[in-house]
Amino acid sequence: LLEQAEQLLDRGIPPIRIADGYEQAAKIATDHLDTISESFPVDPNNKEPLIETAMTTLGSKIINRCHRQMAEIAVDAIMAVADMERKDVDFELIKVDSKVGGKLEDTQLVRGVVVDKDFSHPQMPKELKDVKLAILTCPFEPPKPKTK
C-alpha cells in the first residue's frame, strides 16, 4: 500500500485524497467480509466446538499426539482471559513456558503466576500456603555480607 501511495504522490495526488481512498477501500472490504462471513456463536458452557476447532488447527502443527489435551489447554487458556462482552482476547495475558526434560503428556495449564526460582538456601521451605507475595519487575538481590 505504501508503494502504491508513493506512486500516487508522484502523480500529484494529495495525501489526504489517498488516505480517504484507503479508508473507503477498507470500508468496502470489511462490508464485503461481513456479507460472506459466517457467525460462530461461542458458549462458555459448551467448549466442545472450540476444542474440535483447536484440534483441527493443532493437527497441522508440530503436535502429533495429545491433540485433545493440547486443544483443551488452549481453549481453557483463551476462555480464562477472553472478554466475552467485547468479543476480544488479549493474548499478552497468556504465556507458554517450556521446561526441559518433561513429556508432552506432562503439559498443564496454570491459572495464576509461576515463580520459577532456585532455592537460595537449603533450609528454605519447598511449599508455602496462604502467603503474600510481591512480584517485582526489577532485579532484586539480597545484600552481600561484608567479609574481610
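Further up the page is the structure itself.
Residues numbered from 1 in each chain as written. Predicted model: local features only at pLDDT ≥ 70, side-chain atom pairs only at ≥ 80, totals over all residues. Heavy atoms only, no water.

So, the packing of helix H3 (residues 48-59) against helix H4 (residues 67-81)
This is how the line gets drawn: To obtain each axis, a line is fitted to C-alpha atoms, and for helices this fit is confined to the stretch in contact; angles are then taken between N-to-C directions over 0 to 180 degrees. Helical segments are the DSSP runs of H or I of at least four residues, strand segments are the runs of E of at least two, and each set is numbered from the N terminus. Small angles under 35 degrees read as roughly parallel and large ones over 145 as roughly antiparallel, with 65 to 115 read as roughly perpendicular and the rest as oblique. Here a crossing is taken to be left-handed if its near helix is turned anticlockwise relative to the far helix by less than a right angle, and right-handed if that turn runs clockwise. Residues count as neighbours in contact if any of their non-hydrogen atoms are within 4.5 Å of one another. Classes in brief: Ala, Val, Leu, Ile, Met, Phe, Trp, Tyr, Cys and Pro nonpolar; Asp, Glu, Lys and Arg charged; the others, Gly included, polar.
With their axes 8 Å apart at the nearest point, H3 and H4 run at an angle of 120° to one another. When the interaxial angle is binned, H3 and H4 end up oblique. The way H3 lies across H4 gives a crossing that is right-handed. Contacts between H3 and H4 involve Glu48, Leu50, Ile51, Ala54, Met55, Leu58 and Gly59 from the former and His67, Arg68, Met70, Ala71, Glu72, Val75 and Met79 from the latter. Broken down by class, the residue content of the contact of H3 with H4 amounts to 9 nonpolar, 2 polar and 3 charged.

A word on the pattern of salt bridges
To be explicit about the condition: We count a salt bridge whenever a side-chain nitrogen from Lys or Arg sits within 4 Å of a carboxyl oxygen from Asp or Glu. Only protein chains enter the accessibility calculation, which uses a 1.4 Å probe; a residue whose area is less than 20% of its type maximum is buried, one above 50% is exposed, and one in between is partly exposed.
A complete count under the given rule lists 8 salt bridges for this structure. As a salt-bridge pair, Arg86 and Asp88 come within 2.6 Å of each other at their nearest N and O atoms. Owing to a relative accessible area of 58%, Arg86 belongs among the exposed residues under this scheme. For Asp88, a relative accessible area of 33% gives the class partly exposed. Shared partners join several salt bridges into a network, and the residues in it are Glu48, Arg68 and Glu72.

Here's the deal with the nonpolar core
Note the threshold: To qualify as a nonpolar core, a set must consist of buried Ala, Val, Leu, Ile, Met, Phe, Trp, Tyr and Cys residues joined through side-chain atoms within 4.5 Å.
With 10 residues, the main nonpolar core is built from Leu50, Ile51, Ala54, Leu58, Ile63, Cys66, Met70, Ala71, Val75 and Met79. Within the residue set of this core, elements represented by two or more residues are H3 and H4. Ignoring any residue separated from it by four or fewer positions in sequence, one finds Met70 in contact with Leu58, Ile63, Leu104 and Thr107.

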